[in-house]
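Given next are the chains, with one letter for each unit.
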Amino acid sequence: MNNTLALIKPDAMQKGFKDEIREDIMNNGFIIAEEKTLHLSVVQAKGFYSIHKDKPFFEELVEFMTSSETHIMKLEKANAVSEWRNLMGATNPAEAEAGTIRAKYGTDISMNATHGSDSNENAEIEINFFF
Ligand code: ATP
Ligand code: MG
């Protein structure tokens, strides 16, 4: 079993997709080992996405991530990192494969419904950030 960190971002929470996304996660063989809902502070959002601090979209990303509540989950499954990224689909919902979470629930490249860790190393860092 491996772990990854998943977020249901403010756009999907505001649109009421939390329960559907949790169902998709569980129906795809993940165990939700820990979870909580938080309204991220600016400090938390900047810290969590600090690798993007020099990107042109950083301010927009922080504003979005602090706009309302985020649901935070520690997921367990074999190859959890890649399995969860495959289930989420591409960063831009317009390019995400049909049936993926971002294709179904995402709005645009910024408001794209969910987050997933991109490596086992970052999964551990991100899980420790929130749990
Ligand atoms: P995440 O890290 O949230 O799982 P990702 O790994 O698919 O997404 P990253 O490149 O790490 O994509 O970007 C982090 C987040 O920043 C994206 O999920 C999205 O919310 C936002 N983002 C990325 N690119 C852009 C962009 N060009 N314009 C606006 N927002 C963007
Ligand atoms: Mg990323």
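A. Fine view of the overall build of the protein chain. Summing up its helical and strand segments, the protein chain has seven helices and four strands in all. Written out in order from the N terminus, the α and β elements of the protein chain read β-α-α-β-α-α-β-α-α-β-α. Over its C-alpha trace the protein chain gives a radius of gyration of 13 Å, about what one expects of a compact globule, namely 14 Å for 131 residues. Projected onto its principal axes, the C-alpha positions of the protein chain cover 35 × 30 × 25 Å.

B. Main features of the sheet that holds strand β3 (residues 70-77). In space, the four strands of this open sheet follow the order β2-β3-β1-β4, with antiparallel pairing throughout. In the strand order of this sheet, the two ends are held by β2 (31-38) and β4 (114-116), each with one partner. Geometrically, the sheet is characterised by an average inter-axis angle of 20° between neighbouring strands, direction not taken into account. Where strand β1 (residues 2-8) and β4 come together, three bridges link them in antiparallel fashion.

C. The arrangement of the site of ligand 1 in detail. As a matter of local geometry, ligand 1 sits amid 14 residues, with Lys 9, Tyr 49, Thr 91, Ser 110 and Asn 112 nearest to it. Within the side chain of Arg 102, an N or O atom sits 3.2 Å from an oxygen atom of ligand 1. Contact distances for ligand 1 include 2.7 Å between an oxygen atom and a backbone N or O atom of Ser 110. Considered on its own, ligand 1 offers 570 Å² of accessible surface; in the complex 82% of this is hidden by protein. With respect to the detected pockets, ligand 1 is housed in the largest pocket. Put simply, the parts of the chain that give the shell around ligand 1 at least two residues each are α4 (58-65) and β4. When the residues that make up the shell around ligand 1 are grouped by side-chain class, the tally is four nonpolar, six polar and four charged.

D. Local environment of helix α2 (residues 18-27). Residues of α2 that are buried: Ile 21, Arg 22, Asp 24 and Ile 25. Along the axis of α2, the buried residues cluster in a sector spanning 155°; they form a single face. Every exposed residue of α2 that faces more than 90 degrees away from the buried side is listed here: Asp 19 and Asn 27. At the exit of α2 stands Gly 29, carrying a positive phi of roughly 85°.

Conventions adopted
Residues numbered from 1 in each chain as written. Chains lettered and ligands numbered in written order. Predicted model: local features only at pLDDT ≥ 70, side-chain atom pairs only at ≥ 80, totals over all residues. Heavy atoms only, no water. Helix = DSSP H or I, 4+ residues; strand = E, 2+ residues; numbered from the N terminus. Rg over C-alpha atoms; globule rule 2.2 N^0.38 Å. Pairing = 2+ DSSP bridges. Axes fitted to C-alpha atoms, helices over the stretch in contact; angles between N-to-C directions. Near = heavy atom within 4 Å. Polar contact = N/O pair within 3.5 Å; in protein donor to acceptor, adjacent residues only side chain to side chain. Areas by Shrake-Rupley, 256 points an atom, 1.4 Å probe, with all protein chains shown as cover. 1 Å grid on protein atoms, 1.4 Å probe; cavity = no way out; pocket = protein on both sides within 12 Å on 5 of 7 lines; lining within 4 Å. Sits in = over half its atoms within 2 Å of the grid points. Nonpolar A, V, L, I, M, F, W, Y, C, P; charged D, E, K, R; others polar. Buried < 20%, exposed > 50% of the residue type's maximum accessible area, 1.4 Å probe, protein only. Arc of directions from axis to C-beta.

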